[in-house]
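# Examining the three-dimensional arrangement
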Amino acid sequence: MQLTRFVNAFKRLETPFYFYDLDILDQTLRLYTKITRKYGYHAHYAMKANANPQILEIIHRAGLGADCVSGNEVQLALDLGFDPDTIVFAGVGKTDKEIKMSLQGGIFSFNCESVQEIQVINDLAAQMGKTAGISLRLNPDLDAQTIKQITTGRSKDKFGISGKDLTEALNVVNDCPHVKLLGIHIHIGSQITDMDVFVKLCEKMNTFQKWFEQRNVNLEHINMGGGVAIDYENPLGNPISPFETYFETIHNNLEVRKGQKVHFEPGRSLVAQSGFLISSVLYVKKGQGKEFVILDAGMNDLIRPALYQAKHVMYNITSKAKRKKIYDVVGPVCESSDRFDEFAKLPITERGDLLAICSAGAYGQVMSMRYNQKELAQAYYSPEL
Ligand SMILES: *Cc1c(COP(=O)(O)O)cnc(C)c1O
């Protein structure tokens, strides 16, 4: 296994820690940018997936822009040298302070999620003597068929402007001299495995486009959001998402007008498989008809299993045992939901063994917290390790 070559280096480090295999990140970015270049598409990396500055630098160098969901993300992108013209800002709850600093920074587009937000941006821009580039984030009322907590495009979800408010939104745009409508945006959720969902998304976008055309609105760009899934079940064997199929699906189904730009916001699919959470086994303890493996990493380091019942493949990278057993793998935090896998099949595992938890590069380190006053896990990178 590819990770075994790092074991000696891992043994010298204090666990738990995040480990990023930058070769995987590099290969992923290379394929992604090769395809987007081929189609002439524009990509903004969704920073919330992983805002580790070293990872961001690499993504910036690969030529992507930034998709932000808070003022601090916008600020971080600006600080790291992302061209303001490649920064977009989404989110249902942008504060006045966040809007003002983004206007000051001269970002490309606010992806507006309500009618009232358009007015607020207009008023703040007027006070500052500026014009804000905006796009309308539309709620297509489409189920992404993914984990319910990361579905964002149904009418009952809080995200985007619903179809019934579209006329009002456009009227407000027309009454607001300090906003310029640049495009429309849809993002319906994350970890979307079914390509048919993307076909439907293209059809929704085509319908929205016609609605705007009938009202003589010229859209410079359309933004298809993120959501491409990764393979959580076979992370080492299949580390790169099916970008070819995804972009071919978009290309074949999306109606793009002459001169119009098409934008994307990949998050998870760029960074997830390059990240691993490396943890030591603290104890092996007998339970009722089972055995617990108790790790020094917990939900404070990687919350996805507790938050979404997400499953991450894990490997015992130090055990030499041939025989395997089913373990209930848990963390040290005082919550019963602090569990990585109730039925993990691992070689006979002992105190001091190292476990690698895969697919931890997205929504992992960035969501880590200091609950129970645990330290935040450090990050290390290959090949510098
Ligand atoms: C989270 C998010 C993304 C990225 O989604 P992934 O599934 O990680 O690719 C893109 N756009 C917006 C607006 C988001 O909130």
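Residues numbered from 1 in each chain as written. Predicted model: local features only at pLDDT ≥ 70, side-chain atom pairs only at ≥ 80, totals over all residues. Heavy atoms only, no water.

### Digging into the overall build of the chain
Convention followed: To qualify as a helix, a DSSP run of H or I must reach at least 4 residues; to qualify as a strand, a run of E must reach at least 2; elements of each kind are numbered from the N terminus. Contacts are assigned to residue pairs that have any heavy atoms within 4.5 Å of one another. Values of accessible area rely on a 1.4 Å probe in the Shrake-Rupley scheme; residue burial ignores everything except the protein chains shown. By the counting rule applied here, Lys and Arg register as positive and Asp and Glu as negative, while His and the ends of each chain are not counted. For this purpose, a charge sits on NZ of Lys, CZ of Arg, CG of Asp or CD of Glu.
In terms of regular secondary structure, the chain is built from 11 helices and 17 strands. The dimensions of the chain, computed from C-alpha atoms along their principal axes, are 70 × 40 × 40 Å. Relative to all contacts within the chain whose residues are 6 or more apart in sequence, the contacts with residues 24 or more apart total 72%. Counting every atom, the chain has about 17200 Å² of accessible surface; 47% of that belongs to carbon and sulfur. Across the chain, 43 positive and 44 negative side-chain charges occur, with their mean positions spaced 5 Å apart.

### A look at the packing of aromatic side chains
Keep this limit in mind: What counts as a ring pair is set by centres within 6.5 Å for rings of Phe, Tyr and Trp (its six-membered ring), and what kind of pair is set by the plane angle: stacked under 30 degrees, edge-to-face over 60, tilted for all other angles. Relative accessibility decides the category of a residue: with a 1.4 Å probe and only protein chains considered, values under 20% of the type maximum give buried, values over 50% give exposed, and everything between is partly exposed.
For the coordinates displayed, the defined rule picks out 19 aromatic pairs. Here the aromatic rings of Y32 and F243 are separated by 5.0 Å at their centres, their planes lie at 85 degrees, and the arrangement is edge-to-face. With a gap of 211 residues between them, Y32 in helix α2 (residues 22-39) and F243 in helix α9 (residues 243-253) connect regions that are remote in the sequence. For F243, a relative accessible area of 0% gives the class buried. For the ring pair Y41 and F247, a centre distance of 5.7 Å and an interplane angle of 40 degrees mean the geometry is tilted. Taken together, the positions of Y41 in the loop between α2 and β2 (42-46) and F247 in helix α9 put the pair 206 residues apart, joining distant regions of the chain.

### Observations concerning the domain arrangement of the chain
Note the cut-off: Boundary definitions for the domains trace back to an automatic or database domain assignment. Buried area adds together the accessible area that both of two parts lose upon being put together, with accessible area traced by a 1.4 Å probe. One side-chain nitrogen of Lys or Arg within 4 Å of one carboxyl oxygen of Asp or Glu is enough to make a salt bridge. Under this definition, polar contacts are N or O atom pairs within 3.5 Å; protein pairs additionally need one hydrogen-donor-capable and one acceptor-capable atom, and for neighbouring residues in sequence, both atoms have to be side-chain atoms. Classification used: nonpolar for Ala, Val, Leu, Ile, Met, Phe, Trp, Tyr, Cys and Pro, charged for Asp, Glu, Lys and Arg, polar for all others including Gly.
Splitting the chain by domain gives domain 1 (2-17 + 273-384) and domain 2 (65-265). In this structure, domain 1 and domain 2 have C-alpha centres spaced 35 Å apart. Counting from both sides, the interface comprises 14 residues of domain 1 and, opposite them, 12 residues of domain 2. Of the roughly 1100 Å² buried between domain 1 and domain 2 on both sides combined, carbon and sulfur atoms contribute 60%. For the pair domain 1 and domain 2, the interface holds zero salt bridges. Run the count over domain 1 and domain 2 and you get three residue pairs in polar contact (both at pLDDT 80 or more). Ranked by residues supplied to the side of domain 1 that touches domain 2, first place goes to helix α11 (residues 304-308) with three residues. Considering only residue class, the side of domain 1 that touches domain 2 consists of seven nonpolar, five polar and two charged.

### Quick word on the nonpolar core
Put simply, the rule is: Put simply, buried Ala, Val, Leu, Ile, Met, Phe, Trp, Tyr and Cys residues joined by side-chain atoms within 4.5 Å make one nonpolar core.
F110, I118, I134, L136, F212 and V329 are the most contacted members of the largest nonpolar core, which totals 101 residues. In terms of residues, this core owes the most to one element, helix α8 (residues 195-214), which gives nine residues. For this core, the two domains that each supply at least three residues are domain 1 (2-17 + 273-384) and domain 2 (65-265). Formed by 14 residues, the second largest nonpolar core is a distinct cluster that contains L3, L354, A356 and C358.

### Brief notes about the site of the ligand
As a reminder of what qualifies: What makes a residue near a molecule or strand is one non-hydrogen atom of that residue sitting within 4 Å of it.
The ligand sits among 15 residues. The nearest are K48, S190, E265, R268 and Y363. Note that a nitrogen atom of the ligand is positioned 2.6 Å from one of the side-chain N or O atoms of E265. G267 places a polar main-chain atom, nitrogen or oxygen, 2.9 Å from an oxygen atom of the ligand. Considered on its own, the ligand offers 390 Å² of accessible surface; in the complex 95% of this is hidden by protein. Classifying every residue of the shell around the ligand by side-chain character gives four nonpolar, six polar and five charged.

### Observations concerning the pairing of strand β12 (residues 290-295)
The condition is simple: The rule for pairing is simple: two strands pair if DSSP sees at least two bridges between them.
The buried count for β12 comes to five of six residues, which makes it a mostly enclosed element. Note: strand β11 (residues 275-287) against β12, six bridges, orientation antiparallel. What sits directly across from G287, in β12, is K290. The antiparallel hairpin formed by β11 and β12 contains two residues in its connecting segment, where G289 sits at a positive phi of about 65 degrees. Pairing between β12 and strand β14 (residues 324-330): three bridges, direction parallel. Residue pairing in the sheet places V293 in a bridge with V329 of β14.

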